[in-house]
Amino acid sequence: MKIILGISAFYHDSAAALVKNGEIVAAAQEERFTRVKHDSNFPLYSVKYVLEEAKIELYDVDAIIFYDKPLLKFERLLETYVSFAPRGLISFVKAMPIVLREKLFLKNLIIKNLKTLDKSLKPNKIFFSEHHLSHAASAFYPSPFEEAIILTMDGVGEWATASVAQGKGKNIKILKELHFPHSLGLLYSAFTYYLGFKVNSGEYKVMGLAPYGKPKYKNIILNKLIDLKSDGSFRLVMKYFNFATGLTMINSSFSKLFKQPIRKEKEKLTEFHMDIAASIQAATEEILLKITSNIHQEYKIDNLCLAGGVALNCVANGKILRDNKFKQVWVQPAPGDSGAALGAALLLYYSKKENQRKIVSKEDLMNGAYLGPSYTNSQIEKDLKNVNAKYILLDDEELINEVSNLLYKGMIVGWFQGRMEFGPRALGSRSILANPMIKDMQKKLNLKIKFRESFRPFAPAVIYENLSEWFDLDIKSPYMQFVSRVNKDKILIDENTKSFFGIERLNLIRSQIPCVTHVDYSARIQTVHKNTNFRFYSLIKAFKDLTNCPVLCNTSFNIRGEPIVNSPYDAYRCFMGTQMDVLAIGNYILFKNDQINNLDPNYKNQFLND
Amino acid sequence: MDFIKQLFKFFAVRKKFWLLPIVIMLFIFGGLIILSQSSAVAPFIYTLF
């Protein structure tokens, strides 16, 4: 068994990944092709793409594996409804048609979809893996570790909401699990809901809002909402929650506990909301640190791998790192369900006797997470011609010099180069870049380019060699997964610091790179490496030559609610729908002022709020 | 038929035959629910299945 296709779908973030001889050939999320954020439909476009990248047909694939087990999920669903009965009747009536129509018969659905690519597909080629085992595999197999403890945490899989596993060589053994409804992911989502943000996508906002507040309610969360044990395991006090059998995350007891109603979507964010965000973030960190500290003590293994949606909490990841219990921490760049497609494929590959796992380098196997489609200059030119774009062709050196100069002058640049990233982060292939030293750049990017809340932070992309000169971090963070502080000598303390509160603190100059320094002087760092993205590395280097600053502000190439751009056409549309100044796409450069086409004022209305 | 076989095998492995009466009732009433509904989109804030 040499070629394996992994699939995740029907829940959120559908994706496909292809593994050939243990090598990750390609992986992509369906939302990038269909332009529907968090698309949960069968990832037919992604499957087609990964096969195309490997230059094979579906017929050539030895096995196909789905990332979770529908029958086990069905069992959990039934047992949950039984244990909460008669509560949950409405939810039951609404859920069952979906379950009985499709979710229970996923194998048939998968076969039906794949038969559009290979009519002769045999059902015995299809396998199923457990949800958290898929996550664990996605965190361990691509990591550079021979042995590691693997911690996976998310909303819920089949029964498990968290698992601790041991990875050694090519084997993964689940050591313990926490079961539904007791879930750290769902606890965080409950607060996301309480703060008026969308569950499953607004969790970033809660994390971004947290530094504006004080963790005043942390003890209420830890004492009333959960029963936390010394090893970090916990039980949710279910009288405050409604997600197990209801249609909402929380109930009125929850609001009563905090003495405020659920915030409405467009309601102003007050100090209370910021304090709530700070409190759930602090509680999450405390729980995670308890767990990691305990598993280190219990298993005495120095490497830690993380996956599952909770691993997207890069503030907590940074705390785990600084806790120094583990010598090395590696987080899967696509820790959510999309990455589980890859995990499932690797799991099946290594389950075969003939396939061995050898650690040959200190680098991971993710290829910098650049596992998606790329476009040649001639493909790009064809697309640009089709939309009547005005462009200039430059050679590699000219492109780097021109773009670094434009960034230096304060222009906002759409940067579309090479293979698209796998996972939720733009890492210099589908990015919007800006000069981080400009004072109002954060506000401008948020309000005029991304059309999102002004409080949301941006990430710095820093040349790895210069990392410790600017940030309090000394390990590689190529996937933007660790938050750390900006170095003291780069911090500027505004004399008005003490008189500014809440969102007002955005107006303070916080450091030499204010655009990427959060109000608590932290930053979500991406280290850029010569060997994984040479062009991006060269650009930051050229910017450094001009400014002495080896850092660029890097945000995903999209607006709020829109999936990150995939094709040149998507990039051009986004460029013309926002106030971006320049688009650098392959070796072509486009200036907004040169375009004959008008700006699209309705672009932002085409996507639902995230 | 293949699905029913799988379901029985699953219950045997998991030792969960006590769920069987619920499943049978579910298929009877669930079938009726499906027939009476035109859309299978439910207003869940967080879909657990």
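Residues numbered from 1 in each chain as written. Chains lettered and ligands numbered in written order. Predicted model: local features only at pLDDT ≥ 70, side-chain atom pairs only at ≥ 80, totals over all residues. Heavy atoms only, no water.

Residue and element names in this part refer to chain A. All chains considered together, the criterion is met by 31 aromatic pairs over all chains. Ring centres of Phe10 and Phe66 lie 6.0 Å apart, and the angle between their planes is 40°; this geometry places the pair in the tilted category. Highlighted residues: Phe10 in the loop between strand S1 (3-8) and strand S2 (15-20) and Phe66 in strand S4 (residues 63-66), separated in sequence by 56 residues. Judged by its relative accessible area of 1%, Phe66 is buried. Judged by centre distance (5.1 Å) and plane angle (70°), the rings of Tyr194 and Phe254 are edge-to-face. Pair noted here: Tyr194 is in helix H7 (residues 184-194) and Phe254 is in helix H10 (residues 252-258), with a separation of 60 residues, a long-range link. Accessibility classification places Tyr194 together with Phe254 in one group, the buried group. Site record: aromatic cluster; members linked through ring pairs are Phe180, Phe191, Tyr194, Tyr217, Phe241, Phe243, Phe254, Phe258 and Phe272. (Phe/Tyr/Trp six-rings, centres within 6.5 Å; stacked < 30°, edge-to-face > 60°. Helix = DSSP H or I, 4+ residues; strand = E, 2+ residues; numbered from the N terminus. Buried < 20%, exposed > 50% of the residue type's maximum accessible area, 1.4 Å probe, protein only.)

A few words on the side chain of Asp337 of chain A. Residue and element names in this part refer to chain A. With respect to the element layout, Asp337 can be found in helix H13 (residues 337-351). Lys73 is the oppositely charged side chain nearest to the buried, salt-bridge-free Asp337, at an N-O distance of 6.3 Å. For Asp337, the side chain forms a polar contact with the side chain of His135, separated by 3.5 Å. Apart from residues lying up to four places away in sequence, Asp337 is in contact with Ser8, Tyr11, His12, Asp13, Tyr67, His131, His135 and Asp154. (Lys, Arg positive; Asp, Glu negative; His and termini not counted. Salt bridge = Lys/Arg side-chain N within 4 Å of Asp/Glu carboxyl O. Polar contact = N/O pair within 3.5 Å; in protein donor to acceptor, adjacent residues only side chain to side chain. Contact = heavy atoms within 4.5 Å.)

Moving on to H7 of chain A. Residue and element names in this part refer to chain A. For H7, a buried count of 11 out of 11 residues is recorded, marking the element as mostly surrounded by other parts of the structure. Between the side-chain oxygen of the N-cap and the backbone nitrogen of Gly185 there are 3.3 Å, and the N-cap of H7 in question is Ser183. Following H7 by one or two positions, Gly196 has its phi on the positive side, about 85°.

Turning our eyes to something else, we now look at the packing of helix H15 (residues 396-408) of chain A against helix H18 (residues 534-547) of chain A. Residue and element names in this part refer to chain A. Relative to each other, H15 and H18 sit at 50°, their axes nearing to 9 Å. By the criterion of interaxial angle, the relationship of H15 to H18 is oblique. Helix-helix and strand crossings are classified by hand; for H15 and H18 the assignment is right-handed. Along the contact surface, H15 presents Asp396, Leu399, Ile400, Val403, Ser404, Asn405, Leu407 and Tyr408, while H18 presents Arg535, Ser538, Leu539, Ala542, Phe543, Leu546 and Thr547. Classifying every residue of the contact of H15 with H18 by side-chain character gives 9 nonpolar, 4 polar and 2 charged. (Axes fitted to C-alpha atoms, helices over the stretch in contact; angles between N-to-C directions. Parallel < 35°, antiparallel > 145°, perpendicular 65-115°, else oblique. Left-handed = near helix turned anticlockwise from the far one by under 90°. Nonpolar A, V, L, I, M, F, W, Y, C, P; charged D, E, K, R; others polar.)

Another point: the interface of chain A and chain B. Residue-level contacts link 42 residues of chain A with 28 residues of chain B. Where chain A abuts chain B, roughly 3200 Å² becomes buried across the two surfaces, and 76% of that area is made up of carbon and sulfur atoms. Ranking the residues of chain A by area buried against chain B places Leu71, Leu100 and Arg101 of chain A at the top, with a combined share of 19%. Seen at the junction of chain A and chain B, the total is 3 salt bridges. Of the charged contacts, one joins Glu75 of chain A and Lys16 of chain B as a salt bridge, the two residues approaching to 2.8 Å between their closest N and O atoms. Taken together, chain A and chain B are joined by 6 residue pairs in polar contact (both at pLDDT 80 or more). Among the elements that line the side of chain A that touches chain B, the one with the most residues is helix H4 (residues 89-101) of chain A, at 11 residues. Residue classes in the side of chain A that touches chain B are distributed as 28 nonpolar, 6 polar and 8 charged. (Buried area = accessible area lost by both parts, 1.4 Å probe.)

Okay, the environment of Lys103 of chain A next. Inspection of the secondary structure puts Lys103 of chain A in the loop between H4 and helix H5 (106-114). For the pair Lys103 of chain A and Leu225 of chain A, spaced 122 residues apart in sequence, the C-alpha to C-alpha distance is 32 Å. Setting aside residues up to four positions removed in sequence, Lys103 of chain A forms contacts with Phe10, Pro70 and Ile98 of chain A together with Phe49 of chain B. Polar side-chain contacts of Lys103 of chain A include one of 2.6 Å to the backbone oxygen of Phe10 of chain A.

Residues and elements named next belong to chain A. Inspection of the sheet shows strand S7 (residues 160-168) paired to strand S8 (residues 171-179) by 8 bridges, in the antiparallel sense. Each bridged residue has a counterpart across the sheet, and for Val164 the counterpart in S8 is Lys176. In sequence, S7 turns back onto S8 through a hairpin of 2 residues, with Gly169 there showing a positive phi of about 60°. (Pairing = 2+ DSSP bridges.)

Function cannot be read off these values alone, since they describe shape.
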